[in-house]
Amino acid sequence: MKKSIRMTLTVLSLLAATSLASGAGAQDAEGIVVYNAQHESLGNAWVEGFTKETGIKVTVRKGSDTQFANQLIQEGDASPADVFLTENSPAMALVDGAGLFAPVDKETLDQVPAEYRPADGRWTGIAARTTVFAYDKTKLTEDKLPKSMLDLADPAWKGRWGASPAGADFQAIVGALLQLKGEEATSAWLKAMKENSAPYKGNSVAMKAVNAGEVEGAIIYHYYWFGDQAKTGENSKNVALHYFKNQDPGAFVSVSGGGVLKSSKHQKEAQALLKWITGKSGQSVLKDGDSFEYAIAGDANPKLVPLKDLDAPKVEASTLDSKKVVELMTAAGLL
């Protein structure tokens, strides 16, 4: 081989090696990608705190529980996502069922009480919210409130309450009802709901409807009321919260989840994010911030009813059946 050809090949090899190294460095500099279905402000607070403490860059993509769960299943091993964060657990169960999550590091799992994470250890709870009946306190007194969420199926409640049936929040509540009471009872309750309730697009809209006197009450999650009260209170001034307790389906506590994708090329960094969120720093964002969601691995915001006092039913978050819920709600004419 001529000397000039050898020199050219050597230069090309060096350029290729430099290019590969540069590419790897660029990839590392990009950090991790998070599919965030949690509330944008909370997700951003977590990510900003994590990056500030660790220096690991995070790119956040915003979407809904259902949207991202289906997208991850379609993307499979080709997904650009490293971490998936949700508002409710059915989306986590869907992705886990497709075999797309890596096991969560033991140190992270050890930070979270067993009741807020699945037994298989492939995702973990990161926050929680409780179901409540938001009611018009100018029209209803405590003795007139439903004793159980199931009481709202009574014809006496026709036209008097609302909910957001198309949202992942409400569908998680129905998932808990299905697990606790079975398909027949759930189907009957949903059919009565179709007759009795007014549909709204979102928990906050349903609460506003109660506040405006459109309906006397609505099934929502607690933090919409607390968030509005912490601002102007204009959308909740006439509203109070009723906690069903007594292990009623209406006392269901929904777990927000976080998981690392098995296909992630940044396992160490992705696992570090989950560890941070479930650790002291991440849970303090919940305790001290204005999301008003429950910290599950630390002290909750002092303005909230303590988790232990909610007397919530025992629900296995990893087996909430979102597909069956959609099927039953569609059959009832709610979707």
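Going by the structure above, here's the rest.
Residues numbered from 1 in each chain as written. Predicted model: local features only at pLDDT ≥ 70, side-chain atom pairs only at ≥ 80, totals over all residues. Heavy atoms only, no water.

**Student:** Just give me the short version of the packing of aromatic side chains, but keep the residues and values in it.
**Tutor:** By the definition in use, this model includes 11 aromatic pairs. Between Phe-133 and Trp-157, the aromatic rings sit 5.8 Å apart at their centres with planes inclined by 85°, giving edge-to-face as the arrangement. Taken together, the positions of Phe-133 in strand E4 (residues 124–136) and Trp-157 in the loop between E4 and strand E5 (161–163) put the pair 24 residues apart, joining distant regions of the chain. Overall, Phe-133 belongs to the buried group, its relative accessible area being 0%. In this structure Trp-157 comes out as buried when scored by relative accessible area, which is 7%. Between Phe-226 and Phe-292 the ring centres are 6.0 Å apart and the planes differ by 25°, which places this aromatic pair in the stacked class. One end of the pair, Phe-226, is in helix H9 (residues 223–230); the other, Phe-292, is in the loop between helix H11 (280–288) and helix H12 (322–331), with 66 residues separating them in the sequence. (Phe/Tyr/Trp six-rings, centres within 6.5 Å; stacked < 30°, edge-to-face > 60°. Helix = DSSP H or I, 4+ residues; strand = E, 2+ residues; numbered from the N terminus. Buried < 20%, exposed > 50% of the residue type's maximum accessible area, 1.4 Å probe, protein only.)

**Student:** Got a sec to walk through the pattern of salt bridges? Specific residues and values, please.
**Tutor:** Note on pairing: side chains with opposite charge can pair once their charged atoms come close. Summed over all chains, the structure comprises 10 salt bridges. A salt bridge links Asp-110 to Lys-106; its shortest N-O distance comes to 2.8 Å. As far as the burial class goes, Asp-110 and Lys-106 line up, both exposed. Glu-216 is paired through a salt bridge with Arg-160; the nearest N and O atoms lie 2.9 Å apart. Taken together, the positions of Glu-216 in the loop between helix H8 (203–211) and strand E7 (217–221) and Arg-160 in the loop between E4 and E5 put the pair 56 residues apart, joining distant regions of the chain. In the salt-bridge network here, residues are joined through shared partners; they are Glu-87, Arg-129, Asp-169 and Glu-293. (Salt bridge = Lys/Arg side-chain N within 4 Å of Asp/Glu carboxyl O.)

**Student:** Talk me through the environment of Ala-240; I want residue IDs and the actual numbers.
**Tutor:** Positionally, Ala-240 belongs in strand E8 (residues 239–242). The exposure class assigned to Ala-240 is buried, which follows from its relative accessible area of 15%. Here the alpha-carbon distance between Ala-240 and Gly-217, two residues 23 residues apart in the chain, equals 9.4 Å.

**Student:** Describe the packing of H8 against H9, and please don't skip the residues or the numbers.
**Tutor:** In a pair of packed helices, the angle between the axes and the distance between the axes together describe the arrangement. Interhelical geometry of H8 versus H9 gives an angle of 70° and a closest axis separation of 10 Å. With respect to H9, the axis of H8 lies roughly perpendicular. In this structure, H8 meets H9 at a crossing whose hand is right-handed. Packed against H8, whose contacting residues are Asn-203, Ser-204 and Met-207, the element H9 presents Tyr-224, Trp-225 and Asp-228 at the interface. (Axes fitted to C-alpha atoms, helices over the stretch in contact; angles between N-to-C directions. Parallel < 35°, antiparallel > 145°, perpendicular 65-115°, else oblique. Left-handed = near helix turned anticlockwise from the far one by under 90°. Contact = heavy atoms within 4.5 Å.)

**Student:** Lay out the pairing of strand E1 (residues 32–36) with the relevant residues and their values.
**Tutor:** As a general feature of sheets, a regular strand has side chains that alternate between the two faces. Here E1 lies mainly inside the structure; five of its five residues are buried. Every second residue of E1 is oriented toward a common face, with Ile-32, Val-34 and Asn-36 on one face and Val-33 and Tyr-35 on the other, all of them buried. Of the pairings in the sheet, the one linking E1 to strand E2 (residues 58–62) comprises five bridges and is parallel in character. From the neighbouring strand, Val-33 faces E2, where its bridge partner is Thr-59. (Pairing = 2+ DSSP bridges.)

**Student:** Please give an account of the pairing of strand E9 (residues 253–260) that cites residues and values.
**Tutor:** In terms of burial, E9 is largely enclosed, as eight of its eight residues are buried. With burial as the criterion, each face of E9 is covered, one bearing Val-253, Val-255, Gly-257 and Gly-259 and the other bearing Ser-254, Ser-256, Gly-258 and Val-260. Where strand E3 (residues 83–85) lies against E9, three bridges are found, and the strand directions are antiparallel. What sits directly across from Leu-85, in E9, is Gly-258. One ladder, built from six bridges, connects E4 with E9; its direction is antiparallel. Note that in E9 the partner of Arg-129 across the bridge is Ser-254.

Keep in mind that these numbers describe shape and distance, not what the molecule does.
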